[in-house]
Amino acid sequence: MSAVSISSPRCDEADSSSSDARQSSSLAFGSLKIAHRHLEHLAIVYVRQSDPQQVLQHRESKELQYNLADRAVELGWPRERVLVIDEDQGQSAQSAASRHGFQRLLSEVALDHVGLVLGFQMSRLARSCKDWHQLLEVCARFGTLLTDLDGMYDPADYNDRLLLGLKGTMSEAELHMMCQRMHQGRSNKARRGELFIHVPIGYVRSESGQAVMDPDEEVQAVVHLVFGKFDELGTAGAVLRYLVAHEIRLGVRRHDGPTRGQLEWRRPCDTTLLSMLHHPIYAGAYSYGRHPIDPRRKVPGRRRTGRTTPPMEAWEVLRKDELPTYITWERFLANQERLQQNCDRISSKGSPRKGAALLGGLLFCRRCGGRLAVGYSGAQSRPRYRCLRGYRQYVLEKCQSLSAGPLDDSISGQILQVLKPATVTLSLKAVKEVKQERQRVTKLRRQRLERAQYEADRAARQYHAVEPENRLVARQLERCWEESLVAQREIEEDLRRLEHTHPAELKAHELEMIQALSTDLPALWNATGTTAADRQTIIRHLVDRVVIDVQGESEHVDVAIHWNGGFVSQHELIRPVGSYEQLSGYKELMVRVEELRRSDHTSVQIADQLNDEGFHPPSGKTFNATTIRRLLSRSRPSQDRECPAPPHWRLGDLGRKLDMPIRTLHTWLCRGWLHSEQSAGAHGRWILWADDDELERLKQLREDGLRSSGLSAPAELTTPKPQSEH
Ligand SMILES: [Zn+2]
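Predicted model only: the values in this text are computed from it and were never measured.

## Quick word on the overall build of the protein
Moving on, step 1. Along the backbone of the protein there are 25 helices and 22 strands.
Moving on, step 2. Expressed as a percentage of the 726 residues in the protein, the buried residues total 40%.
Moving on, step 3. Long-range contacts, defined as pairs at least 24 residues apart, comprise 61% of the intrachain contacts of the protein with a sequence gap of at least 6.
Moving on, step 4. Accessible area for the protein stands at about 41500 Å²; split by element, carbon and sulfur atoms hold 52% of it.

## Some remarks on the coordination of the zinc ion
Moving on, step 1. Surrounding the zinc ion are the protein donor atoms Cys 365 (SG), Cys 368 (SG), Cys 387 (SG) and Cys 399 (SG), which sit 2.2 to 2.3 Å from the metal.
Moving on, step 2. One way to put it: the 4 donor atoms around the zinc ion meet at angles of 92 to 123°, and that makes the site tetrahedral.
Moving on, step 3. Donor residues binding the zinc ion come from one chain and are separated in sequence as C-x2-C-x18-C-x11-C. Placement of Cys 365 in strand β13 (residues 363-365) and of Cys 387 in the loop between β15 (382-386) and α12 (389-394) is noted, with a sequence separation of 22 residues between them.
Moving on, step 4. When its relative accessible area of 2% is taken as the criterion, Cys 365 is described as buried.

## What about the pairing of strand β2 (residues 42-46)?
Moving on, step 1. Extensive coverage of β2 is indicated by the burial of 5 of its 5 residues.
Moving on, step 2. The alternating pattern of β2 places Leu 42, Ile 44 and Tyr 46 and Ala 43 and Val 45 on opposite faces, both of which are buried.
Moving on, step 3. Examined bridge by bridge, β2 and strand β4 (residues 114-119) share 5 bridges and lie parallel to one another. In the strand pairing of β4, Ile 44 is matched with Val 117.

## Observations concerning the confidence of the model for the protein
Moving on, step 1. Per-residue confidence for the protein gives a mean pLDDT of 82; residues scoring 70 or more make up 89%.
Moving on, step 2. When pLDDT is averaged over each helix and strand of the protein, the minimum, 40, is found for strand β1 (residues 2-3) and the maximum, 93, for strand β11 (residues 286-288).
Moving on, step 3. Confidence drops under pLDDT 50 across residues 1-29; counting only partners more than four residues distant or on other chains, this segment forms 40 contacts.

## Examining the nonpolar core
Moving on, step 1. Ranked by internal contacts, the top residues of the largest apolar core, which has 40 residues, are Leu 243, Met 276, Tyr 282 and Tyr 286.
Moving on, step 2. Apart from the residues within four sequence positions on either side, Leu 243 is in contact with Leu 225, Val 226, Ile 248, Pro 268 and Leu 273.
Moving on, step 3. In this structure, Ala 357, Leu 363, Val 550 and Trp 563 belong to the second largest nonpolar core, which totals 27 residues.

## A few points about helix α13 (residues 404-419)
Moving on, step 1. The end-to-end C-alpha separation of α13 is 22 Å, in line with the 22 Å expected for 16 residues at 1.5 Å each.
Moving on, step 2. Taken as a whole, α13 has its buried residues at Ala 404, Leu 407, Asp 408, Ile 411, Ser 412, Ile 415 and Leu 416. Take α13 and look down its axis: the buried residues cluster within an arc of 165°, on one side only. More than 90 degrees from the buried face of α13, the exposed residues found are Asp 409 and Gln 417.

## Considering the pattern of salt bridges
Moving on, step 1. Considering all chains together, one arrives at 31 salt bridges under this definition.
Moving on, step 2. The partner of Arg 192 in a salt bridge is Glu 194, with the nearest N and O atoms 3.2 Å apart.
Moving on, step 3. Classification of Glu 194 as partly exposed rests on a relative accessible area of 34%.
Moving on, step 4. With a shortest N-O distance of 3.3 Å, Glu 581 and Arg 656 are connected by a salt bridge. Linking Glu 581 in the loop between β19 (568-574) and α19 (586-598) with Arg 656 in helix α22 (residues 651-658), this pair joins segments that are 75 residues apart in sequence.
Moving on, step 5. For Glu 581, a relative accessible area of 35% puts it in the partly exposed group.
Moving on, step 6. What you see here is one network of salt bridges that share partners, running through Lys 229, Glu 232, Glu 437 and Arg 440.

## Considerations on a nonpolar patch on the surface
Moving on, step 1. A cluster of nonpolar side chains, Leu 163, Leu 166 and Met 170, forms an exposed patch at the surface whose accessible area comes to about 300 Å².
Moving on, step 2. Of note, Met 170 is situated in helix α7 (residues 158-191).
Moving on, step 3. The exposed category is assigned to Met 170, whose relative accessible area is 55%.

## A short note on the sheet that holds strand β20 (residues 648-650)
Moving on, step 1. A sheet is described by the order of its strands in space; here 3 strands give the open sequence β20-β22-β21, paired in antiparallel fashion. In this open sheet, the two edge strands, each paired with only one partner strand, are β20 and β21 (675-678). The average undirected angle you get between the axes of adjacent strands in this sheet is 30°.
Moving on, step 2. With 3 bridges joining them, β20 and strand β22 (residues 686-689) adopt antiparallel strand pairing.

## A look at unusual backbone geometry
Moving on, step 1. One non-glycine residue, Asp 112, adopts positive backbone phi at about 60°.
Moving on, step 2. Locating Asp 112 in the fold gives a position in the loop between α5 (100-110) and β4.
Moving on, step 3. The class for Asp 112 is partly exposed, based on a relative accessible area of 35%.
Moving on, step 4. Backbone geometry places Asp 600, a non-glycine residue, at a positive phi of 60°.
Moving on, step 5. With respect to the helices and strands, the residue Asp 600 is situated in the loop between α19 and α20 (603-612).
Moving on, step 6. A relative accessible area of 67% places Asp 600 in the exposed class.

## Looking at the sheet that holds β13
Moving on, step 1. Read from one edge to the other, the open sheet built from 4 strands follows the order β13-β17-β18-β19, with strand pairing classed as mixed. For this open sheet the edge positions go to β13 and β19, each flanked by a neighbour on one side alone. The sheet shows a mean angle of 25° between the axes of neighbouring strands, direction not considered.
Moving on, step 2. Inspection of the sheet shows β13 paired to strand β17 (residues 543-550) by 3 bridges, in the parallel sense. Considered in β17, the bridge of Phe 364 is made with Val 547.
Moving on, step 3. Contacts from helix α18 (residues 532-542) reach β17 and β18 (556-563), with the element oriented near 95° to β17.

## Details of helix α6 (residues 129-141)
One turn of an α-helix holds 3.6 residues; hence residues three or four places apart share an orientation.
Moving on, step 1. For α6, which comprises 13 residues, the first-to-last C-alpha distance of 18 Å matches the rise-based estimate of 18 Å (1.5 Å per residue) to within 8%.
Moving on, step 2. When α6 is considered as a whole, its buried residues turn out to be Cys 129, Asp 131, Trp 132, Leu 135, Leu 136, Val 138 and Cys 139.
Moving on, step 3. Residues of α6 that are buried in the fold lie against α5, β5 (145-148) and α7.
Moving on, step 4. Downstream of α6 by a residue or two, Gly 143 has a phi angle that is positive, lying close to 65°.

## Side note on the packing of helix α8 (residues 217-233) against helix α14 (residues 423-465)
Each packed pair of helices is defined by two parameters, the angle between the axes and the distance between the axes.
Moving on, step 1. Close contact between α8 and α14 brings their axes to 10 Å; oriented N to C, the two are set at 155°. When the axis of α8 is compared with that of α14, the two are roughly antiparallel. Crossing geometry of α8 relative to α14 is assigned as left-handed. Each of Glu 217, Glu 218, Ala 221, Val 222, Leu 225, Lys 229 and Glu 232 in α8 lies in contact with α14, whose residues at this interface are Glu 437, Arg 440, Leu 444, Gln 447, Arg 448 and Arg 451.
Moving on, step 2. Per-class residue counts for the contact of α8 with α14 are 4 nonpolar, 1 polar and 8 charged.

## Re the packing of α14 against helix α15 (residues 471-501)
Moving on, step 1. Two numbers describe how α14 lies on α15: the axes approach to 8 Å, and their chain directions differ by 160°. Considering their axes alone, α14 and α15 lie roughly antiparallel with respect to each other. In the crossing of α14 with α15, the sense of the turn from one axis to the other is left-handed.
Moving on, step 2. Of the residues that constitute the contact of α14 with α15, the class distribution is 15 nonpolar, 6 polar and 8 charged.

What counts and how
Residues numbered from 1 in each chain as written. Predicted model: local features only at pLDDT ≥ 70, side-chain atom pairs only at ≥ 80, totals over all residues. Heavy atoms only, no water. Helix = DSSP H or I, 4+ residues; strand = E, 2+ residues; numbered from the N terminus. Buried < 20%, exposed > 50% of the residue type's maximum accessible area, 1.4 Å probe, protein only. Contact = heavy atoms within 4.5 Å. Areas by Shrake-Rupley, 256 points an atom, 1.4 Å probe, with all protein chains shown as cover. Donors = N, O, S within 2.8 Å, 3.2 Å for Na, K, Ca; no water. Tetrahedral: all angles 85-135°; square planar, octahedral: opposite > 155°, others 65-115°. Pairing = 2+ DSSP bridges. pLDDT = per-residue confidence, 0-100. Core = buried A, V, L, I, M, F, W, Y, C linked by side-chain atoms within 4.5 Å. Expected span 1.5 Å × (residues − 1). Arc of directions from axis to C-beta. Salt bridge = Lys/Arg side-chain N within 4 Å of Asp/Glu carboxyl O. Patch = residues over 30% accessible without salt bridge, like charges linked within 9 Å, V, L, I, M, F, W, Y side chains within 5 Å. Axes fitted to C-alpha atoms, helices over the stretch in contact; angles between N-to-C directions. Parallel < 35°, antiparallel > 145°, perpendicular 65-115°, else oblique. Left-handed = near helix turned anticlockwise from the far one by under 90°. Nonpolar A, V, L, I, M, F, W, Y, C, P; charged D, E, K, R; others polar.

Quick look at the structure:
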């Protein structure tokens, strides 16, 4: 926007003297419509050209539009009362939403500041009937005139309104035809597989407009590396971290600007890597319409919004085997499947997680078919698998849950069993892979050095070519030469360092270490350097899914491992439970303990006997003297002990009343969330106090704990009733 404020002497003349000028221009513009009140208001010149290219190239049109300010002066407006709005240069008139200049024009008219609006053609003002009629309506309401090169119109006048309406309709139709012709042309070219807007990294456009492989070997090597590493590491994030850690950059050809087509080495980012992995061109396929625009999702004024990603079948054009390839089509499809599975959705496995649980995303519930979620709770962040689908979707009862440790151990055991026969092959392959990896990184560094050497040589040639007398240029070129020599030296040193620390041929002790590790799988599996994500990745290579079913509330869990390839193996798992009552053989256990006690066995003997007979305590481990003594104290007749009546409770009784594990109740007690007293003696019995209100509070506390999975409970639920109310 720029307000024309150059005041010429002519403008300062009185009304009578400017009447001549007005008279002459009235013939051309039919300015009989101009009344005194129009001249008292602003004349606005609206300047717009559709795109930045037009602004640069169609200068005469731009000049003509700016000259409209002179017309307004000829019509009798003082120059300082002529306002030029040119904020919308380079904006299409398809919609008013992104045109701030047009909106400003509308608001000026609506504020009754404007007497005349001048435009080169009416199509410059609005290409949409909606915007056009809005402008007409506002102009008619406030008595503003409109002018283009053909004439002057009063929107309040019936005939003029009719003509303006027609012009608006024609303008919109013209735009529609233009767009349609352009779209048709593009579609035809795309259908022939010849339309390339930008070619991705690793390709360049040939003279004939076709996409061909980038002639630069380093660019090609990096593209191959990206796909190779994705096969190995499985996620775009892991590939990105690898590239950044090894200072590997992507060779990008500039699409625009004075250095168009030249190579730039850029640090990779996740968006670029993902778009490479998703692009079918690397498998030799030409595609068009992979991201059509959905007008409903488009945000007005933001250019790249509304992009959608339909499935491959819905792409406008897909022509396989058209272009040079980096990967096969099958490998491209496998990558898509893997990327899909990496998304953390209910229908996909998700990528390996950071947490300690090994089966996140792979574990299914036999009861309801849902995927079990992983939750971490407690100070040690112990993982637990929980089936929450019914609860989350329909607020049904929670389905089943179990702590992750025993199941993970059991599955790890199975995996190691399966991998055992492959250890020799694994050790050979590991050596080969380490070698390849080192060679690849060294090769990339060598290529980078070659490039630096070439640049230094070129800088030297340029310096020698210039006349020494031309000091200004020579000084600059000398500086460039020095800089390129420094860069070359840095890369040389870097390469030497790399060759020293990671030589391409493995040393004897490195070979020994790799072989020892790959033949001793359990040690490798449990090594501190092996992360949970590594273990998860290995499991995912072998196992498709694990289906579990906890038998009631008992310690028995049925486990079915669905191996990749279709084989299903069935296993039984003993999980830890909260109390003896939950054990499936509780009654038999108590009978047996009583028998052994009566036959004067010691605690140690009873423990050994029970372990031999296959009994186990709730922890799922084995009995010992301490656990037996505790168990015996349970089996003693209850009249031996003081038996409190509500609102006084024993720990076990309150646990049963609230239907919750005694361990949790004990934790609450230690945290002071309950009123409790301990009877005399070293291991005195806990007596808790809880009336109806307290029972209600504890129930809520329990529910809150289950819901929030380890987050801190609100204070009103953890604070017991005041002591005075006892
Ligand atoms: Zn379930």
